[in-house]
Every structure is written in structure tokens, then in C-alpha cells.
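Next come the chains, spelled out residue by residue.
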Amino acid sequence: MRVIQVPFCFYPDSVGGTEVYVEALSRNLQQQGVEVLIAAPGEVNQSYLYNQLRVRRYAISNQVENLREMYGEGDRQAALEFSRILETEQPDLVHFHAFTSGVSLRLVQAAKQRQIPVVFTYHTPTVSCLRGTLMQWGTEICNGKVDLKTCSQCTLQGLGLDKTSAGAIANLPPQLGHWLGNLNLQGGAWTALRMTELVNLRHKALHTLLSEVDHIVAVCNWVKDVLLLNHVPSEKITVIRQGLCHNLPEKTNSSQQYAQPTLNIAFLGRLDPTKGIHILIKALKAVPKLPISLDIYGISQASDAYIRELQALAAKDPRITFKPPVPTEKVMATLTDYDLLAVPSQWLETGPMVVLEAFAAGVPVIGSNLGGIAELVEHEVNGILVEPTSVRDWSQALQRCQDRYLLRRLSAGIKPPSTMETVATHIRLIYHATIAQFL
């Protein structure tokens, strides 16, 4: 069986959790006899090997000249280059892991036109949410139902418009945006005035994508709920949670660690407002005498202004230390030195992978009561769940975690997470079933 995996980007570029997942899935599939090629957007066409995996990068357009392509069917050049890869490689199946201008509906249709089966994995809220978080107005959990007016207003509010102005523009008919687009008016206020047209294009592309792919993998339960709400048939969806991408650490968290007077907490992830590190820092500073050490292993992908905000918040508090990012293969070993992993996310995570890595290291999690975190962390069993936006609740939870008996009990409640070998086995069965439908 020959399969092409298509993520948003790939190594050696700076990658996120989806690309870590794709790399690990591909390695395990190859060990199970599947021939894998990874095809990902890039600045230029190129081919290379990465960790014994064949990689082909296909060139995308240098500039976005047409907003309709970005919001709608996708980059024409990317689709053309990807079609050439399909012609050369002749895969039995294509597995998409993103839905962007460079990994778009055009690519799916290029595969379907050649009678190649397609599987799609919904990894992040960006698939169906233009705001990218599935947090309505930035503060409320959204049910995920796509709606032209609501999504237009929420997107505009997320871009900086006040809710009233955003609501007024969200009432404009898409035909107005279409007319403005025909005049090649875009950018700034023009893009805002075209928002209903652009959101309408995105929703049409999303519905077509979900209709045309042959099977969809949801990496957590809330993703399946969103898909069902948007009229994807249940039999077309399989929930397969993420698995550990690397080998288990040699050592595990020792009960003697809980005898130490200082509570050692780690945060690993992007320094981005959606990850909520500012909430965690504020909560810690609200209890200045609490014996806690917080190490922040941050990946700097946010704006300089947000990073400066974090540094200012943490200033003069010796308990807080900013550290360099940890390579993915060393995360679990690093976590074994801590009492708790903090995951204060302010959006609907589908994992996150770092929770599984903490559990593999025997470390409980204190995390936001949101999305995939709440599906993995059982409150008072293997971790503590906290209302995401409340600094007061986070402060109280940190004080509770001073109880060493509680930490030992939470650590004892951790069950070993699945591995990517198991995930690959389930995915391979889906491939066989999907291909069989075309025979």
C-alpha cells in the first residue's frame, strides 16, 4: 500500500503538534509495511529524506493575490504542483492533515478526480473555525456549528472590531463582498466589508471537503460532536486519539519527589495567548508566598508584545524561570523532574500531546477544563481541572496542589497512554477499508 501524508508543513521547518504526529504516524506505518511519502507545502519544489521518510515539498504562491482562493478552494499553484506529485507517485490513498490555502479543497479534488481514496484528520479548530479557537468572542465555548452571520461577527471581533460594529457588518449580504471583490478591493476595511462573502466561501469549501473525503479521523470526542453538528454522517467518522510519538522515559516520577518543600511545575508549549501562560503567571503572583517553582519551556511564536507582557508579569518573581524549548524527543524525560504539568489553554485543544507525555512520565496535570484537556484529565483522579479564564480559580488550585498526599494520589491514578504504534494500526485498518470501497 502506498500512502501520501499531507500536513501543513514539515521538518526541517519549525513544526507544531500536527507535524510531530504525522512524522510519528508515518514511521510506525512504514514499520507495519505501508509505503509512505510526506507531501507538504513549501517555498520551492524539493525532495529529501527525513528520518528515513521520503518528503516532497510542493511550491505555493508567494503572495495572496486573491482572497477568494485563500478563503475558498485554495492556492491554484499548490494544487497544480500537488497534481504532479500524484501523477508521479500513483498512491493508493491520500491522507490530509490540514485545511489551509496550501492544503486545500483543490488538492482533495485532484485526488478524487484520479479515483484515489482520501482520508482526512481534523487536528485543530482551524479546520472549521476562522477564528481558529472555537471560543466565541474569545471567551465562550462554541458548539462548532458553522453559521454565516455568527461566524462573520465572531471573526471580525477577533480581528479587533467591537462587537456592535462586527454585528453590523455581519448583516451585510455576501453579494456586496462579491461586488467589492470584482473591483479587486481588499485589505483593511475592504476585507472587513467583504467578510460575509469570504466566510460564505470558507463554509462552502468546508462542507464540500467534508462531503468529498471518504473517511474522517477525529482525534477527540468534541471533534466528532462538531462534525456531527455540521451534518457529517456518523459512519464516516472514527475517533482515534493521539498516541505517544516517542519511547517512554527510562525513569518515572518518584514518590520521594513529593517530600520536597517546593512544588515544581512545568509549562511546555507555544508562548501564545491561546495557551494561557499569562493566566498561570497571574495566578502564581496572586499567592506570592507559595513555595512553587514554575519553569516555562516556551516556543516563541507569538508577537513580541505578548512575550514582553509575559516577561513583565513574571518580573521580580524568582519562582518563575523562562527556559529554552525542549526537543520533542526529550519532553517526557524532562517532565520526570517535575511534580505537575500546567496546561492553562484558553482554546479547545484536541490533545494536547504534552498531556499524554506527562502521563507517560507519571506526572499529574493541572489544566483548563476545556476540550481535549478535559477529555484526558479526570478531575481528582489523574489531575486537576480548572476553569480556564479565572485567575482566582487557578490560584486556589495551585494552593490545593501543595497537598503532597493529593499529588501522590493523582500520580497513582495515571494510566499509561496509547502509543503511535497502536494509532498506526487503527489508521492502517481504515486505509484498507477505504481502499476496499473503490475496488
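See the structure above.
In this report, the structure presented in the accompanying data block is examined.

Parameters at a glance
- Residues numbered from 1 in each chain as written.
- Predicted model: local features only at pLDDT ≥ 70, side-chain atom pairs only at ≥ 80, totals over all residues.
- Heavy atoms only, no water.
- Helix = DSSP H or I, 4+ residues; strand = E, 2+ residues; numbered from the N terminus.
- Buried < 20%, exposed > 50% of the residue type's maximum accessible area, 1.4 Å probe, protein only.
- Polar contact = N/O pair within 3.5 Å; in protein donor to acceptor, adjacent residues only side chain to side chain.
- Contact = heavy atoms within 4.5 Å.
- 1 Å grid on protein atoms, 1.4 Å probe; cavity = no way out; pocket = protein on both sides within 12 Å on 5 of 7 lines; lining within 4 Å.
- Points joined across faces, edges and corners; volume = space filled by probe spheres on them.
- Nonpolar A, V, L, I, M, F, W, Y, C, P; charged D, E, K, R; others polar.
- Pairing = 2+ DSSP bridges.
- Axes fitted to C-alpha atoms, helices over the stretch in contact; angles between N-to-C directions.
- Parallel < 35°, antiparallel > 145°, perpendicular 65-115°, else oblique.

**Remarks on the side chain of His-95**
By the secondary structure assignment, His-95 is in strand β5 (residues 93-96). Residue His-95 is classed as buried on the basis of its relative accessible area, which comes to 0%. Of the polar contacts made by the side chain of His-95, one reaches the side chain of Thr-121; its length is 2.7 Å. Setting aside anything within four residues of it in sequence, one finds His-95 in contact with Val-3, Ile-4, Gln-5, Val-6, Leu-25, Val-119, Phe-120, Thr-121, Ile-427 and Tyr-431.

**Considerations on empty space enclosed by the protein**
A complete count under the given rule lists three cavities of 30 Å³ or more for this structure. Approximately 150 Å³ is the volume found for the largest cavity. Lining of the largest cavity is provided by 16 residues; of these, Cys-129, Leu-134, Cys-142, Cys-151 and Cys-154 occupy positions nearest its centre. When residues of the lining of the largest cavity are traced back to their parent elements, those giving at least two are β7 (135-136) and α5 (148-158). No other element matches the four residues that α5 contributes to the lining of the largest cavity. Partitioned by chemical class, the residues of the lining of the largest cavity number eight nonpolar, six polar and two charged. Approximately 50 Å³ is the volume attributed to the second largest cavity. As for the second largest cavity, its lining consists of Arg-2, Val-3, Ile-4, Glu-35, Val-36, Leu-37, Arg-54, Glu-89 and Pro-91. Contributing elements (two or more residues each) for the lining of the second largest cavity: β1 (2-6) and β2 (35-42). Grouping the constituent residues of the lining of the second largest cavity by class yields five nonpolar, no polar and four charged.

**Focus on the sheet that holds β2**
Strand order in this open sheet of eight strands is β3-β4-β2-β1-β5-β6-β9-β10, and the pairing throughout is mixed. Two strands bound the open sheet, and with one partner strand each, they are β3 (46-50) and β10 (237-239). When the angles between neighbouring strand axes are averaged without regard to direction, this sheet yields 25 degrees. Taken together, the four bridges between β1 and β2 define a ladder with parallel strand orientation. Pairing of Val-3 across the sheet is with Val-36, part of β2. The sheet contacts of helix α10 (residues 221-229) involve β6 (118-122), β9 (215-218) and β10, and relative to β10 the element is tilted by about 165 degrees.

**Describing the packing of helix α11 (residues 277-285) against helix α12 (residues 304-314)**
When two helices pack together, their arrangement is captured by the angle between the axes and the distance separating the axes. One can describe the packing of α11 onto α12 by two numbers: an axis separation of 10 Å at closest approach and a directional angle of 10 degrees. In this view, α11 runs roughly parallel relative to α12, as classed from their interaxial angle. Contacts from Ile-277, His-278, Ile-281, Lys-282 and Lys-285 of α11 reach α12 at Tyr-306, Glu-309, Leu-310, Leu-313 and Ala-314. Its residues assigned to classes, the contact of α11 with α12 shows six nonpolar, one polar and three charged.

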